[in-house]
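Fold and geometry: a report
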Amino acid sequence: MHDSSAPTRSEPLSHGLKQRHLTMLGLGGVIGAGLFVGSGAGIAVAGPAIVLSYLIAGTLAMLVMRMLGEMSSAMPASGSFSVHAERALGRWAGFGAGWLYWFLLVVVLAVEATAAAQIAHGWVPGVEPWAWVLVFMVVFTAANLTAVKNFGEFEFWFAALKVTAIVVFLVLGVLAILGVLPETDPVGPAHLTGQGGFLPNGWAGVVSGVLTVVFAFGGLEVVTIAAAETDDPARAVGRAVRSAVVRILFFYVGSMLVIVTVLPWTAQQAGLSPYVKVLDAVGVPAAGQIMNIVVFVALLSALNANLYGSSRMIFSLAERGEAPRALLKVSGGGAPGAGVPRRAVLASVAFGFVSVLLNLRWPDSVFLYMLNSVGAVLLFVWALIAASQLRLRGRIEREAPGALILKMWCFPYLTWLTLAGLLGVLVLMLTDDTARPQVLWSAGATGLVLLVAVGREYRGRRVPPRT
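Everything numeric here is computed off the predicted structure, so don't read it as measured data. (Residues numbered from 1 in each chain as written. Predicted model: local features only at pLDDT ≥ 70, side-chain atom pairs only at ≥ 80, totals over all residues. Heavy atoms only, no water.)

1. Quick look at helix α10 (residues 202–213)
The periodicity of an α-helix, 3.6 residues per turn, causes residues three or four places apart in sequence to face the same way. For clarity, the threshold we go by: The helix and strand labels rest on DSSP assignments: H or I over at least four residues marks a helix, E over at least two residues marks a strand, and numbering proceeds from the N terminus. To estimate the expected span of a helix, count its residues, drop one, and scale the result by 1.5 Å. Only protein chains enter the area calculation, which uses a 1.4 Å probe; residues under 20% of their type maximum are buried, those over 50% are exposed, and those in between are partly exposed. In what follows, residue pairs with any heavy atoms lying within 4.5 Å of each other are defined as contacts.
The end-to-end C-alpha distance of α10, which contains 12 residues, comes to 17 Å, matching closely the 16 Å that a straight helix rising 1.5 Å per residue would cover. For α10, the complete set of buried residues consists of G205, V206, G209, V210, L211 and V213. Against the buried residues of α10 lie α3 (39–46), α4 (50–74) and α18 (413–430).

2. Considering the confidence of the model for the protein chain
In plain terms, the rule: Residue-level confidence of the predictor is summarised by pLDDT, bounded by 0 at the bottom and 100 at the top.
Confidence in the prediction for the protein chain averages 86 pLDDT; 94% of positions are at 70 or higher. Taking the mean pLDDT of every element in the protein chain, the minimum, 79, falls on helix α1 (residues 19–28) and the maximum, 95, on α18. Low confidence marks residues 1–10, where pLDDT is under 50. Its contacts with residues over four positions away, or in another chain, come to 21 contacts.

3. Concerning the packing of aromatic side chains
Any pair of aromatic rings gets described here by the distance separating the centres and the angle formed by the planes. Applicable threshold: A pair of aromatic rings is counted whenever rings of Phe, Tyr or Trp (Trp by its six-membered ring) have centres within 6.5 Å, and the orientation is called stacked for planes under 30 degrees apart, edge-to-face for over 60 and tilted otherwise.
The tally for this structure, following the rule as stated, stands at 20 aromatic pairs. Their ring planes at 45° and their centres at 5.5 Å tell us that Y54 and Y252 sit as a pair that is tilted. Here Y54, found in helix α4, pairs with Y252, found in helix α12 (residues 233–262); they are 198 residues apart in sequence, far enough to count as distant. Residue classification places Y252 among the buried positions, given a relative accessible area of 0%. Relative to F296, the ring of F136 lies with its centre 5.8 Å away and its plane at 65°, an arrangement referred to as edge-to-face. Within this pair, whereas F136 is found in helix α7 (residues 129–145), its partner F296 is found in helix α14 (residues 287–319), the two being separated by 160 residues in sequence.

4. What to know about the environment of G126
For G126, the location among the structural elements is in the loop between α6 (91–123) and α7. Since its relative accessible area comes to 72%, G126 is described here as exposed. Put simply, G126 and V345 are 219 residues apart on the chain and 31 Å apart in space, counted from C-alpha to C-alpha.

5. Regarding α7
The terminal C-alpha atoms of α7 lie 24 Å apart, and with 17 residues this matches the ideal 24 Å at 1.5 Å per residue to within 8%. Along α7, the positions that sit buried rather than exposed are P129, A131, W132, V133, F136, M137, F140, T141, A143 and N144.

6. Some points on the pattern of salt bridges
The line we're drawing: Here a salt bridge means any side-chain nitrogen of Lys or Arg lying within 4 Å of a carboxyl oxygen belonging to Asp or Glu.
What the rule picks out here adds up to 9 salt bridges. Where E153 meets R20, a salt bridge forms, and the shortest distance between an N and an O atom there is 2.3 Å. Within this pair, whereas E153 is found in helix α8 (residues 148–178), its partner R20 is found in helix α1, the two being separated by 133 residues in sequence. Its relative accessible area of 37% is what places R20 among the partly exposed residues. Among the ionic pairs, E322 bridges to R91, the shortest N-O distance being 2.9 Å. With E322 in the loop between α14 and α15 (342–361) and R91 in helix α6, the pair connects residues that are 231 residues apart, well separated along the chain. Comparing E322 with R91 shows no difference in burial state: the two are buried. Taken together, the shared-partner salt bridges connect E70, R393 and E397 into one network.

7. A word on the packing of α15 against helix α16 (residues 366–373)
Rules: For helices, the fitted line uses only the C-alpha atoms of the stretch in contact; every axis is such a line through C-alpha atoms, and the angle between N-to-C directions lies from 0 to 180 degrees. The scheme is simple: roughly parallel for angles under 35 degrees, roughly antiparallel for over 145, roughly perpendicular for 65 to 115, oblique for anything else. It is the rotation of the near helix from the far one that decides the hand of a crossing: anticlockwise by less than a right angle makes it left-handed, clockwise makes it right-handed. Note on residue categories: nonpolar means Ala, Val, Leu, Ile, Met, Phe, Trp, Tyr, Cys or Pro, charged means Asp, Glu, Lys or Arg, and polar means any other residue, Gly included.
Where α15 contacts α16, the axes come no closer than 8 Å and their chain directions differ by 125°. When the axis of α15 is compared with that of α16, the two are oblique. Between α15 and α16 the crossing geometry is left-handed. Between α15, through F351, S355, L358 and N359, and α16, the contact on the second element is made entirely by V366, F367 and M370. In the contact of α15 with α16, the residues fall into 5 nonpolar, 2 polar and no charged.

8. Describing the environment of T446
Structurally, T446 can be placed in helix α19 (residues 436–459). You can call T446 buried: its relative accessible area is 11%. Each C-alpha atom of the pair T446 and A216 lies 21 Å from the other, and the pair is 230 residues apart in sequence. Excluding residues within four positions of it along the chain, T446 makes contact with L100, V377 and F380.

Okay, structure coming up:
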């Protein structure tokens with residue numbers, strides 16, 4: 001196992017990302033279609049108590065990010081939690097976490113590309129969705145093959161638009177609640193307590209809401225992957241994590257509170273954006289088209305981030321001998337695009353494009369099985385992050401206490417509580433008819449990857465890690 005006390009070897013990747021890129025990536029990484037559209041399904045099952053569902057799920061995500069931030073600021077690496085899992089638990093854990101996360105990103109990428117293509121097709125019906133998918137893949141592949149700062153700039157402006165949209169929404173919502181906007185009266189708590197009360201479906205509704213919204217917080221992990229390509233990774237990731245987690249909770253929980261206060265929860269429908277409903281109610285013209293643009297940008301942002309995150313993860317796996325060594329080649333020379341793992345980018349794009357084709361051709365069969373096989377992987381990865389932090393914290397305190405510039409709160413109690421919470425979510429998913437296939441398929445995929453990892457370790461095919 002790699003010794004955490006050893007000096008971290010310098011990454012061959014470029015250091016073209018700035019603090020502002022990382023901060024915005026942290027803010028915008030989880031503000032996506034899952035919030036703008038998917039939140040309607042959560043409101044439908046939890047009612048006004050969706051606020052509690054988001055608070056619980058957001059707190060869980062925030063605790064995981066704090067742990068990941070602690071390890072990544074002490075030991076920055078392009079493989080992030082995969083490298084930490086290897087150092088803490090062994091090669092099998094690093095192999096499993098890395099490959100599972102890579103598979104998750106390239107499969108979800110297909111959903112995002114297809115959804116963005118459908119929106120674009122609605123605007124320009126003469127261009128088929130498959131052609132839009134091709135355009136998106138080419139554009140973002142090109143962006144990821146050039147200097148990493150291009151990725152950073154794309155994500156900075158994408159995230160800025162999403163954050164601005166939510167801030168404007170919150171301001172308009174509060175003004176509507178206070179009755180300040182034209183043709184509006186103060187709302188009061190009527191919609192929070194009417195239509196069955198704050199808990200119309202009881203605590204069971206809150207739990208169902210958690211299962212619906214918890215995966216919307218996936219994506220924050222890319223911040224710690226990207227931190228390795230900044231000038232000062234340790235401080236950059238610490239600042240990004242500190243600034244992102246609380247603000248994201250504010251955006252998510254604040255948005256939900258505005259939505260269920262302005263309109264009765266029964267007005268929301270799964271599959272329709274509750275943001276559009278609220279904007280329509282407060283008299284914003286063309287609210288549907290405005291949100292279509294925001295969702296479109298959110299999908300492209302996630303597509304861009306997933307291409308980046310998957311390429312860096314498979315590059316890190318190759319560094320440690322857990323993926324083909326050919327993927328280690330980075331662009332050289334003194335050009336602005338130097339230090340980009342182009343083969344790793346192309347490998348991720350190739351598999352992502354295969355996923356897109358499967359989604360277009362067999363959305364209800366082959367691709368559905370692939371999607372189910374990554375449905376609960378995020379929770380497994382989060383559990384590995386928590387287990388790794390439990391093992392590494394004491395080691396870092398003994399061997400390099402000065403590296404702990406960002407500490408997990410109330411260690412180890414909150415770490416154990418987080419692990420229990422993740423296990424609880426998985427158990428609840430098993431009791432839910434809709435979510436159960438995701439857990440079972442994801443468990444099968446995880447078991448297969450770990451079986452390969454243990455087999456590789458047993459055969460002793462060890463290549464010295466370069467982390």
